[in-house]
Amino acid sequence: MQKPFGKHFSFAPLTKYSWQRRLVIRFAGLAGYVLTALLGRLTRFEVEGWEHLEGILAAGQQPVLVFWHDRILLATYYFRHRSIVVLSSKSFDGDYTARLIQRFGFGAIRGSSSRGGSGAIVEMIKMGRNGYPAGFTVDGPRGPRYQVKTGPVLVAKKTGNPMLPFMVEARKYSALQSWDRLQIPWPFTHAKVIVGNPIYVDSKADDSEMERKLAELQNALDDLVERGRTWREGS
């Protein structure tokens, strides 16, 4: 595992903002970190499918982790301090979100599917080739909810690292009235981390093959949601 280095693992300067907005970004990033850390520590996790991640690492590769945006809170806590690089949007919200995840040892590459996306994907590919795992909230940052985008498929093709879909299902949680229905786990709840099968993308994959891999990723994530629901409702 590579050790964190460079600008992606350090707080970005806030010189473009007024002092009031700088204060809000610093406070929101710290408050979000404290809340996430507290809820994560109070959650009792169990894991299924971890051998898929171990197999990727044993082969000398890194995963391109893929999950839905509504599970981001517990996913951030569970996969902390693994030098995973993720996309963080070029926005006011993205600045404090980046600081939150960087406190957990993630690298934040600025850009999204709508703003600065192509340059950010190129940087994700570069980091993947240098031995860093990648992470995608694949329906983020603004949806549509539960609909995959092409970013992780392209990164997998260009790096040779497989996509690894996963999900985190909390037994008890509250859902916010946001576009993604963000899940906030209740204190002292159980949660199950389910890691799916890796999905490889050939370096010579053409457009039709890329579409097939995108559909395979969609199906895998949909299946993980159903498996998580079955676990929660049956417990």
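The structure we're discussing is the one just above.
What counts as what
- Residues numbered from 1 in each chain as written.
- Predicted model: local features only at pLDDT ≥ 70, side-chain atom pairs only at ≥ 80, totals over all residues.
- Heavy atoms only, no water.
- Phe/Tyr/Trp six-rings, centres within 6.5 Å; stacked < 30°, edge-to-face > 60°.
- Helix = DSSP H or I, 4+ residues; strand = E, 2+ residues; numbered from the N terminus.
- Buried < 20%, exposed > 50% of the residue type's maximum accessible area, 1.4 Å probe, protein only.
- Pairing = 2+ DSSP bridges.
- Axes fitted to C-alpha atoms, helices over the stretch in contact; angles between N-to-C directions.
- Contact = heavy atoms within 4.5 Å.
- Salt bridge = Lys/Arg side-chain N within 4 Å of Asp/Glu carboxyl O.

Draft legend 1. Here's a closer look at the packing of aromatic side chains. Under the criterion given, the structure shown has 13 aromatic pairs. On the basis of an interplanar angle of 75° and a centroid distance of 5.8 Å, the ring pair of Tyr17 and Phe92 is categorised as edge-to-face. Taken as a pair, Tyr17 in the segment before helix H1 (19-41) and Phe92 in helix H4 (residues 92-102) lie far apart in primary sequence, 75 residues in all. You'll find Tyr17 and Phe92 in the same group, each marked buried. Measuring from centroid to centroid gives 5.0 Å for Phe45 and Tyr78, while their planes differ by 50°, and the two rings are tilted.

Draft legend 2. Spatial organisation of the sheet that holds strand E1 (residues 44-48). Judged by pairing direction, the sheet is mixed, and its 7 strands sit side by side in the order E1-E9-E6-E2-E5-E3-E4 without closing on themselves. A strand with exactly one partner marks an edge of an open sheet, and here the two such strands are E1 and strand E4 (107-110). Neighbouring strand axes in the sheet, compared pairwise and without regard to direction, differ in orientation by 30° on average. Two strands pair when backbone bridges link them, and strand E3 (residues 85-88) and E4 are joined in this way by 4 bridges, in the parallel orientation. In the sheet register, Ser88 faces E4, and the bridge partner there is Arg110. The sheet contacts of helix H7 (residues 207-234) involve E1, strand E2 (64-67), strand E6 (163-170) and strand E9 (190-195), and relative to E6 the element is tilted by about 25°.

Draft legend 3. Region of the structure containing the pattern of salt bridges. If you walk through the whole model with that rule in mind, you get 12 salt bridges. Salt-bridge contacts for Arg227 lead to Glu48; the nearest nitrogen and oxygen are separated by 2.5 Å. Separated by 179 residues along the polypeptide, Arg227 in helix H7 and Glu48 in strand E1 bring together distant segments of the chain. On the basis of relative accessible area, Arg227 is assigned to the partly exposed category, the value being 30%. For Glu169, the salt bridge goes to Arg232, with nearest N and O atoms at 2.5 Å. Here the residue Glu169 occupies a position in strand E6, and Arg232 occupies one in helix H7, the gap between them amounting to 63 residues. Among the residues examined, Glu169 registers a relative accessible area of 1% and is labelled buried. Through salt bridges that share partners, Asp70, Arg71, Arg145, Glu169 and Arg232 make up one connected network.

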